[in-house]
Amino acid sequence: MTVYGNFPGSRPRRLRTTPAMRRMVAETRLAPSNLILPAFVREDIDAPVAISAMPGVQQHTLDTLRKAAVDAVSAGVSGIMLFGVPADEKKDAWGTAGTDPDGILQVGLRAVREEVGDDLVVMSDLCLDEYTDHGHCGVLTDDGRVDNDATLERYAEMAQVQADAGAHVVGPSGMMDGQVGVIRDALDQTGHEDVSILAYTVKYSSAFYGPFREAVGSSLKGDRKTYQQDPANVRESLRELALDLEEGADMVMVKPAGPYLDVLAKVADSVDVPVAAYQISGEYAMIEAAAEKGWIDRDAAIMESLTGIRRAGAQMILTYWATEVAERLRRS
């Protein structure tokens, strides 16, 4: 064999030789504490309802929601984000079920706090879309547009009732201008200064939300392109970020996660607050569907996708695999 001097002098493959070596030099660590479990609680059901587009995910009863919270704690998951699914007849143009102290989300929040106390960070989706008969995230004007400022008044009410019900964190996801500031004021003025805000700072108008709409029984007519962000834009995201921080966001989020890792990395590099990313329903469904077909290795694809999100800068990842992955990490 011909040897050319000291070539190759540097051999990166030396650090890939064994599983133990690869673990030792890994630059990105994924831990159970990085994970948050999104969960759906549905009104007027006596058994959980499977979500066809999201194999393995279900709309919970209060009892199965309690169990999911306990399982998450046991696995080492840090948080749970709750979404309410009201009965269709309780939906109206103003989303009043969302501010009813006895609405399904508030009942679910109380149930989880009763079950796990402070052992899990209990988060609540703060948005009207699940509760409106038109499916939009806000109040509509007579000509069908989402009224930003009228919606903010409703968000202030939602913040108060969700905090009263026991939310440690509220997650305003409607992408209304000024929502973080209004919610912060509402919380502070009602004695909830310790309730945190996880701002959905970067939320794109995405085709990947489809399965979620089944999960929450969405009544959406039309689309949300006038208030969710254009997938073509990046600088707009940084502007939203600056506004949310100025208004008092404690944590910020990028949603979806996988298709927007470049945006996530820019956000993570720009702030000194915790950064979250939401691996949304369509991302989940694609991996599950491809795995069901035998086209990919399910477990490896799940871990790779989450590691990529973590590597891009997310300290917290909302994923429907949270409990499963946390258990796997604890065993490894």
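Preceding block: the structure.
Report follows, based on the coordinates. (Residues numbered from 1 in each chain as written. Predicted model: local features only at pLDDT ≥ 70, side-chain atom pairs only at ≥ 80, totals over all residues. Heavy atoms only, no water.)

**Some words on the overall build of the protein**
- Scanning the protein from N- to C-terminus turns up 11 helices and 10 strands.
- Relative to the compact-globule value of 20 Å for 332 residues, the protein shows a C-alpha radius of gyration of 21 Å, a close match.
- Taken over 332 residues, the protein has a buried fraction of 51%.
- Pairs at least 24 residues apart make up 75% of the contacts formed inside the protein by residues separated by at least 6 positions.
- A distance of 12 Å separates the average location of the 33 positive side-chain charges in the protein from that of its 51 negative side-chain charges. (Helix = DSSP H or I, 4+ residues; strand = E, 2+ residues; numbered from the N terminus. Rg over C-alpha atoms; globule rule 2.2 N^0.38 Å. Buried < 20%, exposed > 50% of the residue type's maximum accessible area, 1.4 Å probe, protein only. Contact = heavy atoms within 4.5 Å. Lys, Arg positive; Asp, Glu negative; His and termini not counted. Charge placed at Lys NZ, Arg CZ, Asp CG, Glu CD.)

**Comments concerning helix 4 (residues 148-164)**
- End to end, helix 4 covers 24 Å across 17 residues, agreeing with the expected 24 Å (1.5 Å per residue, within 8%).
- Of the residues making up helix 4, those classed as buried are Ala150, Thr151, Leu152, Arg154, Tyr155, Ala156, Met158, Ala159, Val161, Gln162 and Ala163.
- Looking at the buried residues of helix 4, the elements they touch are helix 3 (104-116), strand 5 (121-126), strand 6 (169-172) and helix 5 (179-189).
- For helix 4, the N-terminal capping position is held by Asp147, with its side-chain oxygen 3.3 Å away from the main-chain nitrogen of Asp149.
- Just downstream of helix 4 lies Gly166, where phi reads positive at about 115°. (Expected span 1.5 Å × (residues − 1). Polar contact = N/O pair within 3.5 Å; in protein donor to acceptor, adjacent residues only side chain to side chain.)

**Focus on the environment of Cys127**
- In this fold, Cys127 is placed in the loop between strand 5 and helix 4.
- Residue Cys127 is classed as buried on the basis of its relative accessible area, which comes to 0%.

**Quick notes on the environment of Thr151**
- With respect to the helices and strands, Thr151 occurs in helix 4.
- Taking the relative accessible area as the measure of exposure, Thr151 reaches 0% and is therefore buried.
- Measuring from C-alpha to C-alpha, the distance between Thr151 and Gly117 comes to 31 Å, with 34 residues separating the pair along the chain.
- Other than its neighbours up to four places away in sequence, Thr151 contacts Leu128, Cys137, Gly138, Val139, Val146 and Met176.

**Overview of the packing of aromatic side chains**
- Tallied over the entire structure, the rule returns 6 aromatic pairs.
- On the numbers, 5.5 Å between centres and 35° between planes, the contact of Phe40 with Phe83 is tilted. Of this pair, Phe40 sits in strand 1 (residues 35-42) while Phe83 sits in strand 4 (residues 79-85), and the two are 43 residues apart along the sequence. Like Phe40, the residue Phe83 is buried in the burial classification.
- The interplanar angle of 50° and the centroid separation of 6.1 Å between the aromatic rings of Tyr278 and Tyr320 together place this pair among those described as tilted. Linking Tyr278 in strand 9 (residues 275-278) with Tyr320 in the loop between strand 10 (316-318) and helix 11 (322-331), this pair joins segments that are 42 residues apart in sequence.
- Given the relative accessible area of 1%, Tyr278 is considered buried.
- The exposure class assigned to Tyr320 is buried, which follows from its relative accessible area of 9%.
- Joined through ring pairs, the aromatic side chains of Phe40, Phe83, Tyr278, Tyr284, Tyr320 and Trp321 make up one cluster. (Phe/Tyr/Trp six-rings, centres within 6.5 Å; stacked < 30°, edge-to-face > 60°.)

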